[in-house]
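Listed below are the residues making up each chain.
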Protein chains: 2
Amino acid sequence: MGFVEKVRLLDYWKVQDSALQSEFPRSRLVLMVDRRLLVTKDAPEVRMVEHSYGDLKQLLGEYGLQFDLSNSCLLDALEAETDMIPLFGTSIEAADPPEDSPISKKEVLRQLGNSLGGSFTDIRMAMLTMKEERQRNLLAKFQSLTKWAATYRRCPKCAAALKMRTSKSGAECVTCQRVYYPTFSPVSITLITDPTNEHALLVRHRGSAGGVFTAVAGFAHTGESMTECARREIAEEVGIEVDSIRSLDMSQPWPMPDSSLMIAHVAVANMDQKISVCPDELETAQWFSRHQVSQALETTLSDPFLKNLPRTLDDRQTLHYIPPAGAIAHQMIRQWVDGKINCHNSRM
Amino acid sequence: MGFVEKVRLLDYWKVQDSALQSEFPRSRLVLMVDRRLLVTKDAPEVRMVEHSYGDLKQLLGEYGLQFDLSNSCLLDALEAETDMIPLFGTSIEAADPPEDSPISKKEVLRQLGNSLGGSFTDIRMAMLTMKEERQRNLLAKFQSLTKWAATYRRCPKCAAALKMRTSKSGAECVTCQRVYYPTFSPVSITLITDPTNEHALLVRHRGSAGGVFTAVAGFAHTGESMTECARREIAEEVGIEVDSIRSLDMSQPWPMPDSSLMIAHVAVANMDQKISVCPDELETAQWFSRHQVSQALETTLSDPFLKNLPRTLDDRQTLHYIPPAGAIAHQMIRQWVDGKINCHNSRM
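Residues numbered from 1 in each chain as written. Chains lettered and ligands numbered in written order. Predicted model: local features only at pLDDT ≥ 70, side-chain atom pairs only at ≥ 80, totals over all residues. Heavy atoms only, no water.

### Overview of the environment of Pro253 of chain A
For Pro253 of chain A, the position within the fold is in strand 13 (residues 244–254). The class for Pro253 of chain A is buried, based on a relative accessible area of 3%. Taking the C-alpha atoms as reference points, Pro253 of chain A and Arg110 of chain A, 143 residues apart in sequence, are found 29 Å from one another. Residues in contact with Pro253 of chain A, not counting those within four places in the same chain, are Met127, Asn137, Ala140, Ser260 and Leu261 of chain A together with Gly223, Glu224 and Ser225 of chain B. (Helix = DSSP H or I, 4+ residues; strand = E, 2+ residues; numbered from the N terminus. Buried < 20%, exposed > 50% of the residue type's maximum accessible area, 1.4 Å probe, protein only. Contact = heavy atoms within 4.5 Å.)

### A few points about the relation of the copies chain B and chain A
Mapping chain B onto chain A leaves a residual RMSD of 0.0 Å; the transformation is a rotation of 180° accompanied by 0.0 Å of translation along its axis. Here the two chains are linked by the operation of a two-fold rotation axis. A shared binding surface is used by both copies, with 100% of the interface residues of chain B retained as interface residues in chain A. (Least-squares fit on C-alpha atoms with pLDDT ≥ 70 in both.)

### Structural notes on helix 4 (residues 105–115) of chain B
Residues and elements named next belong to chain B. Within the span of helix 4, buried status applies to Leu109, Leu112 and Gly113. For helix 4, the buried positions fall inside an angular range of 100° around the axis, keeping them on one side. Structurally, helix 4 contributes buried residues whose contacts are with strand 1 (28–33), strand 2 (36–39), helix 3 (53–61) and strand 6 (119–121). Looking one or two residues past helix 4, Gly117 carries a phi angle of roughly 80°, positive in sign. (Arc of directions from axis to C-beta.)

### Overview of the UniProt feature "domain: Nudix hydrolase" (unreviewed entry) in chain A
Under the present numbering, the feature "domain: Nudix hydrolase" (unreviewed entry) in UniProt falls on residues 182–310 of chain A. Helix makes up 20% of residues 182–310 of chain A and strand 37%, with an end-to-end C-alpha separation of 38 Å. (UniProt positions renumbered as here; feature names shortened; annotations may be inferred.)

### Let's talk about the domain arrangement of chain A
Often, the extent of an interface is quoted as the loss of accessible area on bringing the components together. All names here are of chain A. The domains assigned to chain A are domain 1 (3–149) and domain 2 (185–345). Averaged C-alpha coordinates put domain 1 and domain 2 at centres separated by 32 Å. Taken together, the contact pairs 14 residues of domain 1 with 15 residues of domain 2. Buried surface at the junction of domain 1 and domain 2, both sides included, amounts to about 1,200 Å², of which 64% is carbon and sulfur. Taken together, domain 1 and domain 2 are joined by one salt bridge. Measuring nitrogen to oxygen at the nearest pair gives 3.7 Å for the salt bridge that ties Asp258 to Lys147. Applying the counting criterion to the domain 1 and domain 2 interface returns four residue pairs in polar contact (both at pLDDT 80 or more). Those elements that place two or more of their residues in the side of domain 1 that touches domain 2 are helix 5 (123–129) and helix 6 (133–151). Of the residues contributing to the side of domain 1 that touches domain 2, the split by class is seven nonpolar, four polar and three charged. (Domains from an automatic or database assignment. Buried area = accessible area lost by both parts, 1.4 Å probe. Salt bridge = Lys/Arg side-chain N within 4 Å of Asp/Glu carboxyl O. Polar contact = N/O pair within 3.5 Å; in protein donor to acceptor, adjacent residues only side chain to side chain. Nonpolar A, V, L, I, M, F, W, Y, C, P; charged D, E, K, R; others polar.)

### Remarks on the interface of chain B and chain A
The interface is formed by 58 residues belonging to chain B together with 58 residues belonging to chain A. Our enumeration of links across chain B and chain A arrives at zero salt bridges. If you look at where chain B meets chain A, you find 23 residue pairs in polar contact (both at pLDDT 80 or more). Elements that contribute at least two residues to the side of chain B that touches chain A include exactly helix 1 (3–15), helix 6 (133–151), helix 7 (226–238), strand 13 (244–254) and strand 14 (260–268) of chain B. The element best represented in the side of chain B that touches chain A is helix 7 of chain B, accounting for nine residues. Its residues assigned to classes, the side of chain B that touches chain A shows 26 nonpolar, 13 polar and 19 charged.

### Some details on the sheet that holds strand 9 (residues 179–180) of chain B
All names here are of chain B. Sheet architecture is open: three strands sit in the order 7-8-9, paired in antiparallel fashion. The two strands at the open ends of the sheet, each matched to only one other strand, are strand 7 (162–164) and strand 9. Two strands pair when backbone bridges link them, and strand 7 and strand 8 (residues 171–173) are joined in this way by three bridges, in the antiparallel orientation. By the bridge assignment for strand 8, Lys163 is matched with Glu172. (Pairing = 2+ DSSP bridges.)

### Considerations on the pattern of salt bridges
Counted according to the given criterion, the structure contains 36 salt bridges over all chains. Its salt-bridge partner being Arg47 of chain A, residue Glu45 of chain A comes within 4.0 Å of it at the nearest N-O pair. Close ionic contact of Arg35 of chain B with Glu93 of chain B constitutes a salt bridge, the shortest N to O distance being 3.0 Å. Pair noted here: Arg35 of chain B is in the loop between strand 1 and strand 2 and Glu93 of chain B is in the loop between strand 5 (84–92) and helix 4, with a separation of 58 residues, a long-range link. One network of salt bridges, with partners in common, ties together Glu224, Arg232, Glu233 and Glu236 of chain A.

Here it is in structure tokens:
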């Protein structure tokens, strides 16, 4: 089946509840338990573990766990032998073991992970470390739709019940018939360089891991173009004005803390401006040389799970790491280190 | 006051209700009555008419009309003599005249427009014909925030009341404390060319004005990058696959029918593919030569309010116009006609 047919089939499944329901027993599924994702264990590459509907029913059943369409969302259409079948994401909660249980919940989940051929991991860490863009985007969709479907239960206009589509791609008010769609917001993420293109301004977010610096990012406001958003966010967060700005033709869905679509930009600013960070958001913002950023890139590539983060307070404010390879910020910074992002292409 | 200070002041006003309330009597305002926008009349250029708070109170009062903060949203901060003052958009309803009134409501609104130094116009037509990007983006914000604030009255999670910020930039549930923000979605809008860059594929939307063709556009789905969105929308709407696609560094907030941020792309497709339009969305999609598109651009520029649209059914399916100058599609098509968009720059 070609790309056009696949796209149109997904569009059909999204809105035709009974058609999608009848496909459920033929489907394949990826899984979250207690908001942790089932991924491959000890494999060379972090990936989501897929199961057939029948296998997952049986394996979860052995632990007294169940799933159905109510806690599942439609992620994709997969090639089967002669036609296509749905890929669902299903998100369930595991009950706490009885108080007098000899084994802890953590141990139960470890065993469950083993039985399912993987282990459960933090969603953010999975986003940051999964190498394949398709896997990351499916996880972003899984997490965003799951959270949205859990939140949109009542009509924001009239407070009547919302009838959720089986796919979780929309919900209709049973009283006023308004339709709501999963919401996510555009975010500008901007690499700021000096006019010589030999320095980059990177920031450390309040509450982020010690020693990790990244590009300036923030949600677009209603009524802004993307470049206006990037320009405003830079003024808000680091207190400087940029001379030019352009988009980089890179974007990435990102599901945490709120659902967003990160859109990459590069901007040029003079280094003699006084930096004043927004203290609610940032701990520090500093200019670094290409050599300094290159070293942090090497450290990050040689320690992709950031196991050796600095512990002392002083050292946490020093550039040691950039975000891991799954983040668009990593790809932007890496391209800049490699000389592939050039401010001289920039236009206002 | 510099750009950084202005951005930070707006950020403060957005969340500090009492500070913004105390600025209201010093503010300037733009106006909608019955969802029609007050714009300059007979001026060389369509612009929103601004009034001071005091003038607007008095002029509306003469017609028995009132406004207050509840039907106003914060749009911008303007330079005043020594500091900055807010620009609000206020949206009110005019009561119908009594049944035995000698003059119609339409005539009342015409007179009201005159008193206010302008006339009331359709929001879509204002978006399409206002020449200044700042004016269009402020109108997009005005319409989007007004509609959002009228819809988000109850918490979608728990159905308790939402407490709306004075600025209309967010609302918090009085019971569960969740915060909701005005929603708008990224949309890809894509100019499709053939590999020689001498032909463009344009579409006519179901229900759009006769003879007007434009680029393919559609809402991004959760979990897609922008180029994935563009590729899928092209498959969904016209049934073809593109070979390459890239973003154009142009974007535009657009408030109708739903709030969106249009992000421009260019894609290359082979002309020998069979076009199959999605009948819910499109009436037709056709390849046109650069000369044909250039003629439609000229027609549009010489008749910017599209007063001479074709009336007969046959002629409505022929390329006569592209969208007016206020639409991002116009700017994309114009750049392509001028040879400034070149498929040879494209990358996958």
